[in-house]
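# Topology and contacts: notes
Now for the letters of each chain:
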Amino acid sequence: MLIKIAKASDVKSSEITPKSLFDGRRNFLKTAAIAGVGFAAGSIAPPSFAMTGHGKQIDGIQPSKWTQESLGEALTDYPAVTTYNNFYEFGTGKQDPSSYATDFKPKPWSVVIDGEVDNPGTYSYEDLVSPHQLEDRVYRFRCVEAWSMVIPWVGVPLADMIKRFGPKNDARYVAFETLNDPERMPGQRSRVLDWPYREGLRMDEAMNPLSLMAVGIYGEELPSQNGAPIRLVTPWKYGFKSIKSIVRITLTKEQPATSWNMAGPGEYGFYSNVNPSKSHPRWSQAKERRIGEFLKRPTLPFNGYGEEVAALYDGMDLNEFY
Ligand SMILES: Nc1nc2c(c(=O)[nH]1)N[C@H]1C(S)=C(S)[C@@H](COP(=O)(O)O)O[C@H]1N2
Ligand SMILES: [Mo]
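Below, the structure is looked at part by part. (Residues numbered from 1 in each chain as written. Chains lettered and ligands numbered in written order. Predicted model: local features only at pLDDT ≥ 70, side-chain atom pairs only at ≥ 80, totals over all residues. Heavy atoms only, no water.)

With that settled, consider helix 6 (residues 158–165). Considered for burial, the residues of helix 6 that qualify are Leu158, Ala159, Met161, Ile162 and Phe165. Across the axial projection of helix 6, the buried residues extend over an arc of 160°, all falling on one side. In the stretch just after helix 6, glycine 166 is the one whose phi turns positive, near 70°. (Buried < 20%, exposed > 50% of the residue type's maximum accessible area, 1.4 Å probe, protein only. Helix = DSSP H or I, 4+ residues; strand = E, 2+ residues; numbered from the N terminus. Arc of directions from axis to C-beta.)

What follows deals with the site of ligand 1. Around ligand 1 sit 19 residues in total, of which Asn85, Tyr88, Glu89, Arg231 and Lys244 are the nearest. The backbone of tyrosine 88 places a nitrogen or oxygen atom 2.8 Å from an oxygen atom of ligand 1. For ligand 1, an oxygen atom lies 3.0 Å from a polar atom in the side chain of asparagine 226. Counted by class, the shell around ligand 1 contains 10 nonpolar, six polar and three charged residues. (Near = heavy atom within 4 Å. Polar contact = N/O pair within 3.5 Å; in protein donor to acceptor, adjacent residues only side chain to side chain. Nonpolar A, V, L, I, M, F, W, Y, C, P; charged D, E, K, R; others polar.)

Adjacent strands of a sheet form backbone hydrogen bonds with each other and so pair up, either parallel or antiparallel. With mixed pairing, five strands are arranged side by side in an open sheet as 2-1-10-5-6. Either end of the sheet is taken by a strand with one partner, and the two such strands are strand 2 (121–124) and strand 6 (198–202). The sheet shows a mean angle of 20° between the axes of neighbouring strands, direction not considered. By the bridge criterion, four bridges tie strand 1 (residues 110–115) to strand 2 in an arrangement that is antiparallel. If you follow isoleucine 113 over to strand 2, its bridge partner there is glycine 121. (Pairing = 2+ DSSP bridges. Axes fitted to C-alpha atoms, helices over the stretch in contact; angles between N-to-C directions.)

Our next topic: the packing of aromatic side chains. Using the criterion set out here, one finds 17 aromatic pairs in the structure. A centroid spacing of 5.7 Å and a plane angle of 75° characterise the contact between tyrosine 78 and tyrosine 218, whose relative ring orientation is edge-to-face. Here tyrosine 218 lies in the loop between strand 7 (212–217) and strand 8 (220–221) and tyrosine 78 lies in helix 3 (residues 78–83), a separation of 140 residues in the sequence. Each of the two residues, tyrosine 78 as well as tyrosine 218, counts as buried. Arranged with centres 6.1 Å apart and planes meeting at 65°, the rings of phenylalanine 104 and tryptophan 109 form a pair that is edge-to-face. Of the two residues, phenylalanine 104 and tryptophan 109, both sit in the buried class. One aromatic cluster in this structure is built from Tyr173, Phe270, Tyr271, Phe302, Tyr313 and Phe321. (Phe/Tyr/Trp six-rings, centres within 6.5 Å; stacked < 30°, edge-to-face > 60°.)

Take the nonpolar core next. Val129, Trp153, Phe176, Met213, Ile230 and Ile249 are the most contacted members of the largest nonpolar core, which has 83 residues in total. No other element matches strand 4 (residues 147–157), which puts seven residues into this core. Setting aside anything within four residues of it in sequence, one finds phenylalanine 176 in contact with Leu158, Tyr197, Arg198, Glu199, Gly200, Leu201, Met213, Leu232, Ile243, Ile246, Arg248 and Ile249. (Core = buried A, V, L, I, M, F, W, Y, C linked by side-chain atoms within 4.5 Å. Contact = heavy atoms within 4.5 Å.)

Right, let's get into the environment of asparagine 119. With respect to the helices and strands, the residue asparagine 119 is situated in the loop between strand 1 and strand 2. Along the backbone, asparagine 119 and lysine 168 are 49 residues apart, and their C-alpha atoms lie at a distance of 9.8 Å. Beyond its immediate sequence surroundings of up to four residues, asparagine 119 is in contact with Arg164, Phe165 and Gly166. Among the polar contacts made by the side chain of asparagine 119, one reaches the main-chain carbonyl oxygen of arginine 164 at a distance of 2.8 Å.

For the peptide bond that leads from lysine 107 to proline 108, omega is 5°, which places it in the cis range. By secondary structure assignment, the location of proline 108 is in the loop between helix 4 (96–100) and strand 1. The step from tryptophan 195 to proline 196 runs through a cis peptide bond, and the omega angle for that step is -5°. Note that proline 196 resides in the loop between strand 5 (173–178) and strand 6. The phi dihedral of alanine 146 is positive, around 75°, even though this residue is not glycine. Looking at the element boundaries, alanine 146 is found in the loop between strand 3 (135–142) and strand 4. You can call alanine 146 buried: its relative accessible area is 16%.

So, in structure tokens, the structure goes:
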């Protein structure tokens, strides 16, 4: 972002595997059938070769109202979702995370819950993520660098998780931190950001039904480059809010510091809502390159989720609170 501004033209055609070559599709179709994710018959070609090297399938995923059908847009191919990534803990290049996160072991994993909660503590991944709560959700994902994807996530509503922590009345914000371990995350040996990566939401944003703690994509466990084992997804905000590999969640009274705001306060605000009419100081946000497509699309206010979230910002000047 500050370091290197990637253009969609940086994605070589060899990185964007045609849909017909998506080898995880058999698996996803199975999950989709279980989860009741609807596809028009024949809209997806059968897999052309056997499954290899993909994540473990997640069982018992529930359907959600955010389906591919209701969104009406094509999913971004699994190979693009998993090889064109920003995850500076593994390097600043788009291919670095998929190259250097391969040895990262995301489990066992635990998350520290502290701050303004009645039930603080260290929660194991298994404690935190009940398989019964897992949902399939297809969301648009818009990076501040003006590329976008459509990703079928598997996750738990953040609101359900927070309720279990027993938020106190004076908790107004939620702060998140990524693992800080240069042994396991070699990109942290370079000081491109002030580690650990930090993000935050206002309490009402965190409790909004759209906010998801994702543990999978395409019906399978998250690959490490996508933020295994657990990461945030807030689809109405620029991608950098969607913090990966979370080890700490703190409920706070004050607005928490966030990594990109610390790195470039004039370029990245706390709110970071997708806003096509507010340019980044160095480029327009009016359009986006959907990865896998040739022509640019217009960017939608709140990334198309205004109906769900615009009311959160009633009376706020979103040019001031960017
Ligand atoms: N810890 C951490 N989280 C992060 C980042 C990062 O560098 N470190 N990059 C962010 C940015 S800029 C984007 S666009 C998304 C990319 O998520 P994806 O790889 O699943 O598409 O992760 C976000 N979360
Ligand atoms: Mo991003």
